[in-house]
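Here is how the chains run, residue by residue.
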Amino acid sequence: MKLTILGANGPFPAPNGGCSSYLVEDGDTKILLDCGSGALSRLRSLYPDALSLDAIVLSHMHADHAGEIDLFRYMLEFGQLKAPMMVFCPEPERLRYPVFDLRQTFDGMRAAVGSLTLWFTEVRHAVKTMAVRVADADGRSLFYTADTGWFDGLVEAADGSDLLLADACLRDESNAKALKNHMTAAQVQALRRQAGCKAAILTHLFPDGTPYPPLDDCRAQYAVEGAVYEI
Ligand SMILES: [Zn+2]
Ligand SMILES: [Zn+2]
C-alpha cells in the first residue's frame, strides 16, 4: 500500500499549496481520502484521466476537505464513466448527483473497495466527521484521523496501525476552543506511542509560514506535499 500526500494544509492553502487530500493505492485499487483545494489537479498530474479512482472518501464536509468534490462531479459528467464513482461521506445530502454512488458513513461502518477494507470511526469535530482505517489484504493499515480533537477512543481506533496520518493543526494548547476540534503535534506523537503505530505523519498544517515545533519522536514527521510513503 502506498500513500501520496496531495495536499497537507488546512483550513486554507499555503501559496502553491493544497488542502487535505491523500491518495492511497494498493495494486490497481486507488482511493482518494478527502479532496481539498488542489486535489484534482495534483491527482491528474499522476493519473491524467483520474477516472481510474475506485472511491472518494470525504471525512467531513468542511471546505478544506470536500471543497473540490464538485470539480470531480464536472469531470465525471464530461468523462466516459462506466459506473458512478463511489463516494463515502457522513453527510451526503448535497451530493445527490447521478455520477456519484453515495455511501453514507457511520461509526463502526466497514466497507470493501477493491483490495482494501475501510473501517470508519466517528471523531470529535465541529461537524459530523469520520476517521478511517484503510487496510490491505496482508493486514497492513493506515489510520487517518481526519479533523479531530483528542479523545481517548482515538487510541483504540488507531491501535496497531502501521501508519498514522493525523491532524496536528495546532502548534500548542493555548486555544481551548480550537483544541476541541484539532490536535497538537505533542498530542499526535502521544497518540502514535499509545496506539503502537509504527510511524506518524502530521498534517493539516496551518499555512501562515510560522514554523511548527521540532518533533521529539523519531518515528514522526510533518507531511510534505508530493511525498510518497510505502506502508
Ligand atoms: Zn480541516
Ligand atoms: Zn474540519
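Further up the page is the structure itself.
Draft legend 1. Layout of the layout of surface pockets. Of the voids in this model, the largest pocket is the one considered here, and its volume is about 180 Å³. Taken together, Leu51, Leu53, Asp54, Gln80, Leu81, Lys82, Ala83, Pro84, Met85 and Met86 make up the lining of the largest pocket.

Draft legend 2. Representation of the packing of helix α1 (residues 39–46) against helix α3 (residues 69–78) within the structure. At a minimum axis separation of 9 Å, α1 and α3 run at an interaxial angle of 50°. When the interaxial angle is binned, α1 and α3 end up oblique. Facing α1, whose interface residues are Leu40, Leu43 and Arg44, α3 presents Leu71, Phe72 and Met75. Its residues assigned to classes, the contact of α1 with α3 shows five nonpolar, no polar and one charged.

Draft legend 3. Representation of the pattern of salt bridges. By the definition in use, this model includes eleven salt bridges. Here Asp136 ties to Arg140 by a salt bridge, and the two come within 3.3 Å at their closest N and O atoms. Classification of Asp136 by relative accessible area gives buried; the value is 7%. Take Arg140: its relative accessible area is 33%, and that puts it in the partly exposed class. Among the ionic pairs, Asp208 bridges to Arg171, the shortest N-O distance being 2.9 Å. Residue Asp208 is found in the loop between β12 (199–203) and β13 (220–222), and its partner Arg171 is found in the loop between β11 (163–167) and α5 (176–179); the two are separated by 37 residues along the sequence. Relative accessible area serves as the criterion here: at 24%, Arg171 is assigned to the partly exposed category. Because the salt bridges share partners, they merge into one network encompassing Asp70, Arg73, Glu77 and Arg94.

Rules used in this analysis
Residues numbered from 1 in each chain as written. Chains lettered and ligands numbered in written order. Predicted model: local features only at pLDDT ≥ 70, side-chain atom pairs only at ≥ 80, totals over all residues. Heavy atoms only, no water. 1 Å grid on protein atoms, 1.4 Å probe; cavity = no way out; pocket = protein on both sides within 12 Å on 5 of 7 lines; lining within 4 Å. Points joined across faces, edges and corners; volume = space filled by probe spheres on them. Axes fitted to C-alpha atoms, helices over the stretch in contact; angles between N-to-C directions. Helix = DSSP H or I, 4+ residues; strand = E, 2+ residues; numbered from the N terminus. Parallel < 35°, antiparallel > 145°, perpendicular 65-115°, else oblique. Contact = heavy atoms within 4.5 Å. Nonpolar A, V, L, I, M, F, W, Y, C, P; charged D, E, K, R; others polar. Salt bridge = Lys/Arg side-chain N within 4 Å of Asp/Glu carboxyl O. Buried < 20%, exposed > 50% of the residue type's maximum accessible area, 1.4 Å probe, protein only.

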